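Take a look at the letters that make up each chain.
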Amino acid sequence: MSHNAESTAFRSALEVIRAVEPRVADAISAELADQRESLKLIASENYASPATLLAMGNWFSDKYAEGTVGRRFYAGCQNVDTVESLAAEHAKELFGAAHAYAQPHSGIDANLVAFWAILADRVESPALKKAQVRQVNDLTEADWFALRRELGNQRMLGMSLDAGGHLTHGFRPNISGKMFDQRSYGTDPTTGLIDYDRVAEAAREFRPLILVAGYSAYPRKVNFRIMREIADSVGATFMVDMAHFAGLVAGKVFTGDFDPVPHAHIVTTTTHKSLRGPRGGLVLCGPELADQVDRGCPMVLGGPLPHVMAAKAVALAEARRPDFADYARRIVDNAQALADGLLRRGATLVTGGTDNHLVLIDVSGYGLTGRQAEQALLDSGIVTNRNAVPQDPNGAWYTSGIRIGTPALTTRGLGATEMDATAELIHTVLTQTTAGTGPDGAPSKAKYVLDPATAESVGKQAADLLTPFPLYPEVDLT
Ligand code: DSN
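Let me begin by describing the structure that accompanies this report. (Residues numbered from 1 in each chain as written. Predicted model: local features only at pLDDT ≥ 70, side-chain atom pairs only at ≥ 80, totals over all residues. Heavy atoms only, no water.)

1. Things to note about the overall build of the protein
Then, in step 1: Secondary structure assignment for the protein yields 20 helices and 17 strands.
Then, in step 2: For a compact globule of 478 residues, the expected C-alpha radius of gyration is about 23 Å, and the protein comes in at 23 Å, within 12% of that figure.
Then, in step 3: Its C-alpha atoms put the protein at 70 × 55 × 45 Å along the principal axes.
Then, in step 4: Looking at the protein alone, contacts between residues at least 24 apart form 73% of all its contacts between residues at least 6 apart.
Then, in step 5: With an accessible surface of roughly 20,300 Å², the protein has 54% of that area assigned to carbon and sulfur atoms. (Helix = DSSP H or I, 4+ residues; strand = E, 2+ residues; numbered from the N terminus. Rg over C-alpha atoms; globule rule 2.2 N^0.38 Å. Contact = heavy atoms within 4.5 Å. Areas by Shrake-Rupley, 256 points an atom, 1.4 Å probe, with all protein chains shown as cover.)

If you want it as C-alpha cells, here you go:
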C-alpha cells in the first residue's frame, strides 16, 4: 500500500463513496483497471492528471453561479469568481488570446456560445437591437417575429463530416445543421487535403456569415491564415473549432499560419482531448465578441460547473509548464511513427500520413467496414473508433475508416518503438479478420470473423506493451 498523497486521496474518496453506494465505488475502481489495461487509441481521449481529477470532486459542485465573473444572478459566488478568473487567465496566457470564457460544459456548448455571439454581433436586426437595449418585456409580438426571422437561416460554411469536419459544423442531424443554411467544403479526392481554392470558390458562391475551420478526423494541419483571407474576402466571421488539436496549439507545435488564435475571430475548444484537462469547453476571442460570449450563460448554457472550471484552471496551469511542449511534440512524433509503421505494412491512410495527433486508416483495402474493424480490434484489446473516410460508401454508421490517435498513449509514456509495435498489432488484426455474413448468408457490414486465439494473442501483446508504462503510477488503490 502506497502512502503518497494521490493514493491516499483516491483511496479515501472511494471509501467514503463505498459507504453510501458500493456499486459506484466499484465501478470507479473498475474504470481505472480497464483504462490501465487497454491500448487506448481514441484520438479524442486522454488521461487528466490526479490534480485535475481531484479539483472536480468537491463542494464547488454545490454552487449556482449563473452569469459571469462579477455579474452573477446569485449571491456568494466569490470563490467561483476566483476559479473562473484563474481558468480564463491561464487560457489567455497559454493561447495568447485577448478574452477567454471558461464556462462551456462541452465542445458543442462552446460552439453554441460562439454561434450566438456571432449572430448577435453580425446580424443586422433592428428587433435584436431593440431587445438588447430595452427590457425584453417591452417587445411586441411583431418584434419577436421579426427577431426570429432575422436571426434564423443565416449561412454557415464548414468542413463536411466525411472529410473530417465535426457534426456541430452544420451536419444535418445536429442543431447547427437545422438552425443554419449550411454548405460544406470537402477535401481533394486525390490527395485528401483541403483545397483552399475550392474553399474560396464555395465561399464566393455561398457568401456565408460564418466560415468554420476545424475537424475531428482530418490528419493534417490547416492553414488558418489562408482561411482567414477567404473569410475576409466574403465578409464572413472566421471561427475555428480546435477541440482536437488544442494541445498542439498550447504546446507550440502548431505555430504561425497553423495557430488559429491570431487568425480567427473566435476559437472554441474542448479541454479534455489533446489539452489533457477535465471534460469541458472553452471559448477564446478578441474584445469585439467578448461581451456576447460572456452572455453564454444563461443565453445558451445552463448554470456553470464551478468544480469543472476549477479543474480547467489546474489543467491549463499544467499546460503552461515547459514539459507540456515536449508532450505535444511527442504526440505528433508518435502519430507519425504509427502512420509510418502502418504504411510500411501496406495500410492505406487518408492523406497518406499525418502531421497532427491522428491517423485515419481506410480499412476497405482489408475487405472490412469500419465497424467490423473497430470490433475486431476491441476484441484484441485495442480501443479505437470507426470513422467515415471522404466520400465514404458505407456512410457514417458502418464507415470505411478507423480513426486512431496518440494523445493518451503519449501521456502514458509510449514512444516510437511502441508505436511501431502497435502498428504491427493493428495490421495483424486487420489482416486476420474477414467480413462475416448475416443469418440469411448475405454479406454483413457488421459481422466479422476473427480467430479468438489471434485476438487473445494480440491482446496479450498489447498488454505487454503497456506494462512498462503504468497508468497513474502515483495512484495505488490497494
Ligand atoms: N466525440 C468527439 C470526437 O471523438 O472527436 C468530438 O465530438
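2. Structural notes on the sheet that holds strand β15 (residues 401-405)
Then, in step 1: Sheet architecture is open: 4 strands sit in the order β11-β12-β15-β14, paired in antiparallel fashion. The two strands at the open ends of the sheet, each matched to only one other strand, are β11 (348-349) and β14 (385-387).
Then, in step 2: Bridge analysis of strand β12 (residues 358-362) against β15 gives 5 bridges, and the strand direction is antiparallel. Note that in β15 the partner of isoleucine 361 across the bridge is isoleucine 402.
Then, in step 3: In the packing of helix α16 (residues 370-379) onto the sheet, the strands contacted are β14 and β15, and the crossing angle to β15 comes to about 45 degrees. (Pairing = 2+ DSSP bridges. Axes fitted to C-alpha atoms, helices over the stretch in contact; angles between N-to-C directions.)

3. Comments concerning the packing of aromatic side chains
Then, in step 1: Enumeration over the complete set of coordinates arrives at 8 aromatic pairs.
Then, in step 2: Ring centres 6.3 Å apart and planes at 80 degrees place the aromatic pair tyrosine 47 and tyrosine 472 in the edge-to-face group. Of this pair, tyrosine 47 sits in the loop between β1 (39-40) and α3 (50-56) while tyrosine 472 sits in the segment after α20 (452-466), and the two are 425 residues apart along the sequence.
Then, in step 3: Taking the relative accessible area as the measure of exposure, tyrosine 472 reaches 14% and is therefore buried.
Then, in step 4: When the centroid spacing of 4.9 Å and the interplanar angle of 25 degrees are considered together, the rings of tyrosine 215 and phenylalanine 245 count as stacked. Taken together, the residues span a long stretch of sequence, with tyrosine 215 in the loop between β7 (210-214) and α10 (224-234) and phenylalanine 245 in the loop between β8 (237-241) and α11 (246-250) at a distance of 30 residues. No difference in accessibility class separates tyrosine 215 from phenylalanine 245, as the two residues are buried. (Phe/Tyr/Trp six-rings, centres within 6.5 Å; stacked < 30°, edge-to-face > 60°. Buried < 20%, exposed > 50% of the residue type's maximum accessible area, 1.4 Å probe, protein only.)

4. Considerations on the site of the ligand
Then, in step 1: Ser44, His166, Ser216, His244, Lys273 and Arg403 make up every residue found near the ligand.
Then, in step 2: Within the side chain of serine 44, a nitrogen or oxygen atom sits 2.7 Å from an oxygen atom of the ligand.
Then, in step 3: Arginine 403 places a side-chain nitrogen or oxygen 2.7 Å from an oxygen atom of the ligand.
Then, in step 4: With the chains in place, 62% of the 230 Å² that the ligand exposes on its own is no longer accessible.
Then, in step 5: In terms of residue class, the shell around the ligand is made up of no nonpolar, 4 polar and 2 charged. (Near = heavy atom within 4 Å. Polar contact = N/O pair within 3.5 Å; in protein donor to acceptor, adjacent residues only side chain to side chain. Nonpolar A, V, L, I, M, F, W, Y, C, P; charged D, E, K, R; others polar.)

5. Here's the deal with the side chain of serine 274
Then, in step 1: Looking at where serine 274 falls in the secondary structure, it is placed in the loop between β9 (266-270) and β10 (281-285).
Then, in step 2: In this structure serine 274 comes out as buried when scored by relative accessible area, which is 0%.
Then, in step 3: At 2.7 Å, the side chain of serine 274 and the backbone oxygen of histidine 244 are in polar contact.
Then, in step 4: Contacts of serine 274, omitting those with residues within four sequence positions, involve Asn46, His244, Phe245, Ala246, Gly247, Leu248, Phe324, Tyr327, Ile331 and Pro407.

6. Description of the packing of α16 against helix α19 (residues 416-432)
Then, in step 1: As a packed pair, α16 and α19 sit with axes 10 Å apart at the nearest point and diverge in direction by 120 degrees. With respect to α19, the axis of α16 lies oblique. Pair α16 / α19 crosses with right-handed handedness. Here Ala373, Ala376 and Leu377 of α16 come into contact with α19, specifically with Ile426, Val429 and Leu430.
Then, in step 2: Of the residues in the contact of α16 with α19, the class split is 6 nonpolar, no polar and no charged. (Parallel < 35°, antiparallel > 145°, perpendicular 65-115°, else oblique. Left-handed = near helix turned anticlockwise from the far one by under 90°.)

7. Here's the deal with the nonpolar core
Then, in step 1: One finds Phe95, Leu211, Met227 and Leu284 to be the most contacted residues of the largest nonpolar core, which totals 63 residues.
Then, in step 2: Per-element tally for this core: the top contributor is helix α4 (residues 78-95), with 7 residues.
Then, in step 3: In this structure, phenylalanine 95 is in contact with Met242, Ala246, Val249, Ala250, Val261, Leu275, Leu282, Leu284 and Leu316, ignoring residues within four places of it in sequence.
Then, in step 4: One finds Leu338, Leu342, Val359 and Ile404 within the second-largest nonpolar core, a separate group that totals 34 residues. (Core = buried A, V, L, I, M, F, W, Y, C linked by side-chain atoms within 4.5 Å.)

8. Considering the packing of α19 against α20
Helix packing geometry: the angle between the two helix axes and the distance between the axes.
Then, in step 1: Interaxial distance between α19 and α20 falls to 11 Å at its minimum, and their mutual angle equals 170 degrees. When the interaxial angle is binned, α19 and α20 end up roughly antiparallel. Mapping the contact onto sequence places Glu418, Ala421, Thr422, Leu425, Thr428, Val429 and Gln432 in α19 and Thr454, Val458, Gln461, Ala462 and Leu465 in α20.
Then, in step 2: Of the residues that constitute the contact of α19 with α20, the class distribution is 6 nonpolar, 5 polar and 1 charged.

9. Describing helix α5 (residues 107-122)
Then, in step 1: Along its 16 residues, α5 runs 22 Å from first to last C-alpha, staying within 8% of the 22 Å computed at 1.5 Å per residue.
Then, in step 2: Here α5 lies mainly inside the structure; 12 of its 16 residues are buried.
Then, in step 3: All of the buried residues along α5 are Gly107, Asp109, Ala110, Asn111, Val113, Ala114, Phe115, Trp116, Ala117, Ile118, Leu119 and Ala120.
Then, in step 4: Where α5 starts, the residue carrying a side-chain oxygen 3.4 Å from the main-chain nitrogen of isoleucine 108 turns out to be serine 106. (Expected span 1.5 Å × (residues − 1).)

10. Digging into the pattern of salt bridges
Then, in step 1: This structure, assessed with the given rule, holds 19 salt bridges.
Then, in step 2: Ionic pairing is found between aspartate 181 and arginine 155, a salt bridge with its closest N-O pair at 3.9 Å. Placement of aspartate 181 in strand β6 (residues 181-185) and of arginine 155 in strand β5 (residues 155-159) is noted, with a sequence separation of 26 residues between them.
Then, in step 3: Using a relative accessible area of 28% as the deciding quantity, one classes aspartate 181 as partly exposed. (Salt bridge = Lys/Arg side-chain N within 4 Å of Asp/Glu carboxyl O.)

11. Some words on unusual backbone geometry
Leave glycine aside and you will find that most residues have negative phi; peptide bonds, for their part, are mostly trans.
Then, in step 1: In this structure, proline 298 follows cysteine 297 across a cis peptide bond, with omega equal to 15 degrees.
Then, in step 2: One non-glycine residue with positive phi stands out, namely lysine 252, at about 60 degrees.
Then, in step 3: Along the chain, lysine 252 turns up in the loop between α11 and β9.
Then, in step 4: Residue threonine 351 is not a glycine yet carries a positive backbone phi of 70 degrees.
Then, in step 5: Tracing the backbone shows threonine 351 in the loop between β11 and β12.
Then, in step 6: Judged by relative accessible area, threonine 351 falls into the buried class, the value being 17%.

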